[in-house]
Amino acid sequence: MNFNLETIEKFISNTFEIDCIDICLTQKTEKEPIIYSGPGTIYQDENSSLQLKLYSKLNDIQKTLSHQFKHHAPGKIIAYDNYFTLKAIDMSGKEWVADNISVSSNVSFPASGQVVKSMLREIETIEDGSTTEKNYLFIIVPGEHEIPCNEKEDLPNGGCRLNRSIFVANNINFEFKKLNNCLIITANSAPDYLIEDTYIKILEALSIITGTIIHPVVVENTQQDHAILKINSITNSYSNKKFPIPFKHSTPKCLQSFSSFFEKYTAAINSPFSDLFGFWHKVNRAWQANIENSSLSLGVAIEGIIKTYFRELGLPDKDITKQAEEAKQKLNDMDIGERIKRRLLSSIDDLLRNTSPKSALYQMVQDGLVSKKMAKAWSKLRNKSVHPTKLNEDTQAFQKYIDQIYACIALFFRLLFIIIKYDGNYIDYSENGWPEAQIHRSGKFIGVAGDA
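Sequence positions are assigned chain by chain, starting from 1 and proceeding in written order. Per-residue local features of the predicted model are confined to residues with pLDDT of at least 70, and side-chain atom pairs are confined, for both listing and counting, to 80 or more; whole-chain, interface and lining totals are unaffected and use all residues. No hydrogens and no water enter the side-chain calculation; it runs on all heavy atoms of the structure.

**Q** Tell me what's going on with unusual backbone geometry, and back it up with residues and numbers.
**A** Here phenylalanine 273, not a glycine, exhibits a phi torsion of approximately 60 degrees, which is positive. Helix numbering and strand numbering both begin at the N terminus, where a helix is a DSSP run of H or I of at least 4 residues and a strand a DSSP run of E of at least 2. Position of phenylalanine 273 among the secondary structure elements: in the loop between helix H4 (255-268) and helix H5 (275-287). For phenylalanine 273, a relative accessible area of 64% puts it in the exposed group. Backbone geometry at tryptophan 434 places phi at a positive 50 degrees, although glycine is not the residue there. Owing to a relative accessible area of 41%, tryptophan 434 belongs among the partly exposed residues under this scheme. Each residue is placed in one exposure class: buried if its accessible area under a 1.4 Å probe, protein chains only, is under 20% of its type's maximum, exposed if it is over 50%, and partly exposed if it falls in between.

**Q** Describe the nonpolar core, and please don't skip the residues or the numbers.
**A** Side-chain atoms within 4.5 Å link the members of a nonpolar core, which is a set of buried Ala, Val, Leu, Ile, Met, Phe, Trp, Tyr and Cys residues. If you look at the biggest cluster of nonpolar residues, it comprises 78 residues, and the most contacted ones within it are Phe176, Phe261, Phe262 and Phe412. With 16 residues, helix H11 (residues 395-420) is the largest single contributor of residues to this core. Counting 35 residues, the second largest nonpolar core, distinct from the first, contains Ile8, Ile18, Tyr36 and Phe84.

**Q** Now, about the layout of surface pockets: what can you tell me, with residues and values included?
**A** Within this scheme a cavity is a closed region of a 1 Å grid, computed over the protein atoms alone, that accommodates a 1.4 Å probe without allowing it to escape, whereas a pocket is open but has protein on both sides within 12 Å along at least five of seven lines; lining residues each have an atom within 4 Å of a point. Grid points are joined across faces, edges and corners, and a volume is the space filled by probe spheres set on the points. Its volume calculated, the largest pocket comes out at about 730 Å³. In terms of lining residues, the largest pocket is bounded by 25 residues, among which Glu122, Ile214, His215, Pro216 and Asn232 are the most central. Of all the secondary structure elements, the ones that give two or more residues to the lining of the largest pocket are helix H3 (198-210), strand S15 (226-232) and H5. For the lining of the largest pocket, the element with the most residues is H3, which contributes five residues. In the scheme used here, Gly and all other residues not listed as nonpolar or charged are polar, with Ala, Val, Leu, Ile, Met, Phe, Trp, Tyr, Cys and Pro taken as nonpolar and Asp, Glu, Lys and Arg as charged. Considered class by class, the residues forming the lining of the largest pocket number 12 nonpolar, nine polar and four charged.

**Q** Give a description of a positive patch on the surface that names residues and reports values.
**A** Residues enter patches when they are more than 30% accessible in relative terms and free of salt bridges; like-charged ones are connected within 9 Å and nonpolar ones (Val, Leu, Ile, Met, Phe, Trp, Tyr) within 5 Å. Calculation of accessible area relied on Shrake-Rupley with a 1.4 Å probe; when residues are assessed, cover is drawn exclusively from the protein chains displayed. Salt bridges, as used here, are contacts in which a Lys or Arg side-chain nitrogen is within 4 Å of a carboxyl oxygen on Asp or Glu. The convention is simple: Lys and Arg are positive, Asp and Glu are negative, and His and the chain ends are not counted. The atom standing in for a charge is NZ when the residue is Lys, CZ when it is Arg, CG when it is Asp and CD when it is Glu. On the surface, Lys372, Lys376, Lys380 and Lys400 cluster together into a patch of positive charge. Among the elements that make up the positive patch, the one with the highest residue count is helix H10 (residues 372-384) (three residues). Within the fold, lysine 400 resides in helix H11.

**Q** Kindly report on the packing of helix H6 (residues 294-309) against helix H9 (residues 357-366), identifying the contributing residues and their values.
**A** Two packed helices can be described by the angle between their axes and the distance between those axes. Contact geometry of H6 with H9 gives a least axis separation of 10 Å together with a crossing angle of 80 degrees. The angle between H6 and H9 places the two elements in the roughly perpendicular class. Listed contacts from H9 to Glu303, Ile306 and Lys307 of H6 are Pro357, Ala360 and Leu361. Taken together, the residues that form the contact of H6 with H9 break down as four nonpolar, no polar and two charged. Every axis in this analysis is a line fitted to C-alpha atoms, fitted for helices over the stretch in contact. Angles between the N-to-C directions lie between 0 and 180 degrees. Roughly parallel means an angle under 35 degrees; roughly antiparallel, over 145; roughly perpendicular, 65 to 115; everything else is oblique. Here, two residues are considered to be in contact whenever any of their heavy atoms come within 4.5 Å of each other.

**Q** Lay out H11 in plain terms, naming residues and giving numbers.
**A** Across its 26 residues, H11 extends 38 Å between first and last C-alpha, which sits within 8% of the 38 Å expected from 1.5 Å per residue. Lysine 421 lies just past H11 and shows a positive phi near 65 degrees. In this scheme, a helix's expected span is set at 1.5 Å multiplied by one less than its residue total.

**Q** Lay out empty space enclosed by the protein with the relevant residues and their values.
**A** Tallying each qualifying case throughout the model produces one cavity of 30 Å³ or more. Of the volumes computed, that of the largest cavity is approximately 30 Å³. Considering the residues around the largest cavity, the lining is formed by Gly143, Glu144, His145, Lys178, Leu179, Cys182 and Leu183. At the level of secondary structure, the elements contributing two or more residues to the lining of the largest cavity comprise strand S12 (172-179) and strand S13 (182-189).

**Q** Quick rundown of the packing of H6 against H11? Include the residues and the values.
**A** Where H6 meets H11, the axes come as close as 10 Å, and the angle between the chain directions of the two elements is 25 degrees. Classified by the angle between their axes, H6 and H11 sit roughly parallel to one another. Seen from above, H6 lies across H11 with left-handed handedness. Residue-level contacts link Ser295, Leu298, Ala301, Ile302, Ile305, Ile306 and Tyr309 of H6 to Tyr401, Ile405, Cys408, Ile409, Leu411, Phe412, Leu415 and Ile419 of H11. Left-handed is the label given to a crossing in which the near helix is rotated counterclockwise from the far helix by less than a right angle, and right-handed is the label when the rotation is clockwise.

So, in structure tokens, the structure goes:
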């Protein structure tokens, strides 16, 4: 597909459509599936959702109606045979596919045919191509997003505008370009670096940087001998309130932090949908309600990160392990009830086996990786978040609570930085005024940016 300005504008203005000479919807069952087939159109509605309109002959009305009015047990996952797969041939002969399509409530019945309507989450086409020396990526992200521009774009009227961010990260050549109400991401590299699912890690990194879940409307992924083009629905009902950002990224001087984060994230995260991004996503989703509701999710996410990525730091040391073994021996020799003995022995085993997030945090404090203020804030917030909210708290108490939450946000990002080995500027939400600070290559604090 030729992604010129006219085509991009169609996606951004929700006017893109594909006329198809043949569309086939097939029920996901091996035994006598229901099939709708005929010409139709795939198009964007005013809310950026992909819609399907198919004109099909009416074959077995009894079978179709029985599927439409099938009862679904409340609280149970809907079975696969209630969904359809799609294969569509557009006017140029290109084949598009989609999966898990529901048509249960959008079928009307004229005299001799039926109009099938349904929303599509994503459509995809795969094209074989000649072998290329590099892999390429093209992404359209709707909306206004700040980037640290360092290159200008020439305009048709002879002018120019500073709207491009160009850099190399993890052997991938990136260009981020700001257009009216959208961000265009292009990338290329040798095949070993920009592999098929790298684009997901790129979108994850951009989500963390911007504080919002990035939803691309178009992703074109060109590998050595084929190209995959995906067009996605974007729903406006999805809450996407901005979570605090890890560092500033709106001016040219922010390019080093911006590019460094992409470099470190894509190198450190082996595959997309990692636990690390999952913890950030959990906190981001809780943030959509309000700052109070997010405190529990934030405390749990930090605990999860520590147990997942810093397990060794929270395990008992040799001295406590030796004492625990001695205690177990003494308990076994004691003449006490068997039930209480088993519970005490089990508690000691849990102590030896399980990671203590608090111990791990304070070990990191000693190592200069996180501040004592962050560790104390997490301990207090984690304890407070499991108790009911006190609606009558005074302003001073509530401000203290807010400060603890932002100190934990700072801690969350510190742990993330340590995991991916990020070094650069960051916003320290644990300090008054949220100053910009720096991280040394060793991962330790070196103070406010410009002071060291």
